[in-house]
Amino acid sequence: MFVPSITHPVGDFIREWVPKLTAYLPDALHNATLDSIAAFLINALLCIIAVCAVNIGSAPILIYMERKVCAHVQCRLGPMRLGWHGTIQTIADVIKMLFKEVYSPSGADKLMFYVAPLIVLIAPFIIAALIPFDHNLIVADIDMGIPMIIAVNGFGVLGILLGGWSSNNKYSLLGALRSGAQMISYEISFAMILLFVVMISGSTNLMDIAQAQDGTVLDWFIFKIPVLGFIAFILFFISSTAEMNRAPFDIAEAEQELTGGYHTEYNGTPFAMFYLAEYIALVTNSALAATCFLGGFHAPCIGVAAIDGILQMVPGVVWLFAKIYFMIWCYMMVRWTFVRPRVDQLMDFEWKFLLPVNLVLLAAGAVWMIFVG
């Protein structure tokens, strides 16, 4: 009872010691079922803490990293005064935002106004729980991992639409409608690329997808299927950028047109939650890209036994985070390099280019699996 499919040394330790500790309790509270439930709840609490630590702890690092990437792309220095090279600037900004007065505009639907940021945070936390960080380091190892990710991505759209509508502001409503149209459109391509990964791996389980790329770098899905894997990776990168509302696809927040878009009326902690959701989504999408295309937690082996042996001594979680931060750097470089398109160009790009290309990609992948795979 309550035994996971993939065990972990910490979880095994708790399951072993909980019965020994409960031996000191009254006999009425000491039985195998209660011990199993207690061990499960303790492990669940540790998993929640781990997911929060990875996601929330990454946000200040990514804010500082984004500022520095932006500064260097534009030949500037970025934050420099608070701490070494401005490392404390992000902490100061977080403290300032947390202590700001929180208020809602007149005529706003206060319940929906404050619930919307919470809804936006749901999807990235759930996705983070599905990512395999190592052979035995995963919170929820479910068989329907990819369909689950496709399903929960809709929470972000719902939160943004509620935030814009409940603000009683036409700029916010227009930004929310733009964002809803953009995110729903690009989620189609996002889902189709994940289905391509499911087709070539033969499983919807993320652990199985990661394990299918065990071996050398050439076994990673970006290289395993010549040309098609690389095209799928690029399409995933583009569609996930648009789905996260990151520049150059941040039409929903275009300052020149919408004064901030759906979060115009937000301030203090609620605004910080929207801001936090963007960076957590950046981590989870990068982790998903690393898992589906870059070998997941596997080391970048090259087929030379001596070198591969050294690379495999590094824990898988370290390799996964290295790939995650490489992907994050790519997202940031794109943000500060390319210009923002018009909203009609953005939508045309999805419906007239990405969607047809994804359909062709799925058909080509099926042909490859039949005759080669």
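Relevant structure appears above.
Described in the following lines is the structure provided in the data block. Counting of residues starts from 1 at the beginning of each chain's written sequence and follows it residue by residue. Two thresholds apply to this predicted model, a pLDDT of at least 70 for residue-level local features and 80 or more for giving and counting side-chain atom pairs, whereas whole-chain, interface and lining totals are computed over all residues. Each side-chain value is worked out from all heavy atoms of the structure, with water and hydrogens disregarded.

A closer look at the environment of alanine 363
Filter applied, for reference: Helix and strand labels come from DSSP, where a helix needs a run of H or I of at least four residues and a strand needs a run of E of at least two; each type is numbered from the N terminus. Relative accessibility under 20% of the residue-type maximum defines a buried residue, over 50% an exposed one, and the middle range a partly exposed one, all with a 1.4 Å probe and only protein chains included.
Tracing the chain through its elements places alanine 363 in helix H15 (residues 343-371). Given a relative accessible area of 43%, alanine 363 falls into the partly exposed group. In this structure, the C-alpha to C-alpha distance between alanine 363 and phenylalanine 196, residues 167 residues apart in sequence, is 9.3 Å.

Overview of the side chain of serine 104
For clarity, the threshold we go by: Note on contacts: a residue pair qualifies if any of its non-hydrogen atoms lie within 4.5 Å across the two residues.
On the secondary structure map, serine 104 appears in the loop between helix H3 (89-98) and helix H4 (110-130). In contact with serine 104, other than residues within four places in its own chain, are Lys110, Phe113 and Tyr114.

Topic: unusual backbone geometry
With a phi close to 60°, cysteine 75 is a non-glycine residue in the positive phi region. Positionally, cysteine 75 belongs in the loop between helix H2 (32-73) and H3.

Quick word on a nonpolar patch on the surface
Stated precisely, the cut-off is as follows: Exposure above 30% relative accessible area and the absence of a salt bridge qualify a residue for a patch, where like charges join within 9 Å and nonpolar side chains (Val, Leu, Ile, Met, Phe, Trp, Tyr) within 5 Å. Here the open area of atoms and residues is found with the Shrake-Rupley method and a 1.4 Å probe, where only the protein chains shown may cover a residue. Every case where a carboxyl oxygen of Asp or Glu lies within 4 Å of a side-chain nitrogen of Lys or Arg is listed as a salt bridge.
On the surface, Leu82, Ile88, Ile91, Val94, Ile95, Leu98 and Phe99 cluster together into a nonpolar patch covering about 670 Å² of accessible area. Inspection of the secondary structure puts isoleucine 95 in helix H3.

Remarks on the packing of aromatic side chains
The test is simple: A pair of aromatic rings is counted whenever rings of Phe, Tyr or Trp (Trp by its six-membered ring) have centres within 6.5 Å, and the orientation is called stacked for planes under 30 degrees apart, edge-to-face for over 60 and tilted otherwise.
According to the stated counting rule, one finds 14 aromatic pairs in the structure shown. Centre to centre, the rings of phenylalanine 133 and phenylalanine 321 are 5.7 Å apart; their planes meet at 25°, and the pair counts as stacked. Here the residue phenylalanine 133 occupies a position in the loop between H4 and helix H5 (145-152), and phenylalanine 321 occupies one in helix H14 (residues 316-335), the gap between them amounting to 188 residues. Taken together, a centroid distance of 6.0 Å and an interplanar angle of 25° make the contact between tyrosine 186 and phenylalanine 249 stacked. Placement of tyrosine 186 in helix H7 (residues 170-201) and of phenylalanine 249 in the loop between helix H10 (228-243) and helix H11 (255-258) is noted, with a sequence separation of 63 residues between them. Accessibility classification places tyrosine 186 together with phenylalanine 249 in one group, the buried group. One aromatic cluster is present, built from ring pairs that chain together Phe113, Tyr114, Tyr262, Tyr266 and Phe274.

Brief notes about the environment of serine 167
Here serine 167 lies in the loop between helix H6 (154-166) and H7. Setting aside chain neighbours within four positions, we find serine 167 in contact with Pro105, Ala108, Phe113, Ser172, Tyr262, Glu265 and Tyr266.

A word on the pattern of salt bridges
Under the criterion given, the structure shown has seven salt bridges. Note that arginine 335 is salt-bridged to glutamate 278, the shortest N-O span being 3.4 Å. Placement of the pair is arginine 335 in helix H14 and glutamate 278 in helix H12 (residues 268-293), with a sequence separation of 57 residues. With a relative accessible area of 21%, arginine 335 lands in the partly exposed category.

Description of the nonpolar core
Note the following rule: To qualify as a nonpolar core, a set must consist of buried Ala, Val, Leu, Ile, Met, Phe, Trp, Tyr and Cys residues joined through side-chain atoms within 4.5 Å.
In terms of nonpolar packing, the biggest core is built from 63 residues, with Leu206, Phe236, Leu288 and Phe293 touching the most fellow members. At ten residues, the largest contribution of residues to this core is made by H12. Ranked by size, the runner-up nonpolar core spans 19 residues in total, among them Ile119, Ala128, Leu162 and Met273.

A word on the packing of H4 against H12
Filter applied, for reference: Comment: axis = line fitted to C-alpha atoms, over the contacting stretch for helices; angle = value between 0 and 180 degrees taken between N-to-C directions. Oblique is the label for every angle not falling under 35 degrees (roughly parallel), over 145 degrees (roughly antiparallel), or within 65 to 115 degrees (roughly perpendicular). If you view the pair so one helix is near and one far, a crossing is left-handed when the near helix is turned anticlockwise from the far one by less than a right angle, and right-handed when it is turned clockwise. Under the scheme applied, nonpolar residues are Ala, Val, Leu, Ile, Met, Phe, Trp, Tyr, Cys and Pro; charged residues are Asp, Glu, Lys and Arg; polar residues are all the others, including Gly.
Between H4 and H12, whose axes approach to 9 Å, the crossing angle comes to 20°. Classified by the interaxial angle, the pair formed by H4 and H12 is roughly parallel. Of the two possible hands of crossing, H4 and H12 adopt the one that is left-handed. Listed contacts from H12 to Tyr114, Ala116, Pro117, Leu118, Val120, Leu121, Pro124, Phe125, Ile127 and Ala128 of H4 are Pro270, Met273, Phe274, Leu276, Ala277, Ile280, Ala281 and Thr284. Partitioned by chemical class, the residues of the contact of H4 with H12 number 17 nonpolar, one polar and no charged.

A word on H14
Heads up, the rule is: To estimate how far a helix should reach, multiply one less than its number of residues by 1.5 Å.
Helix length check: H14, at 20 residues, gives a terminal C-alpha distance of 29 Å against a target of 28 Å (1.5 Å per residue), a fit within 8%. Along its buried surface, H14 packs onto H2, H10, H12 and helix H13 (305-311).

What to know about the packing of H5 against H6
Any two packed helices are characterised by the angle at which their axes cross and by the distance between the axes. Where H5 meets H6, the axes come as close as 4 Å, and the angle between the chain directions of the two elements is 10°. Compared by their axis directions, H5 and H6 come out roughly parallel. On the side of H5, the interface is formed by Ile150, Ala151 and Val152, while H6 contributes Gly154, Phe155 and Gly156. Classifying every residue of the contact of H5 with H6 gives four nonpolar, two polar and no charged.

Observations regarding H3
Applicable threshold: Summarising the geometry, the arc corresponds to the directions from the helix axis toward the C-beta atoms.
Along H3, the residues classified as buried are Thr90, Asp93 and Met97. Summarising the axial view, the buried residues of H3 lie within an arc of 60°, below the 170-degree limit, and thus occupy one face. The inward-facing, buried residues of H3 abut H2 and H12.

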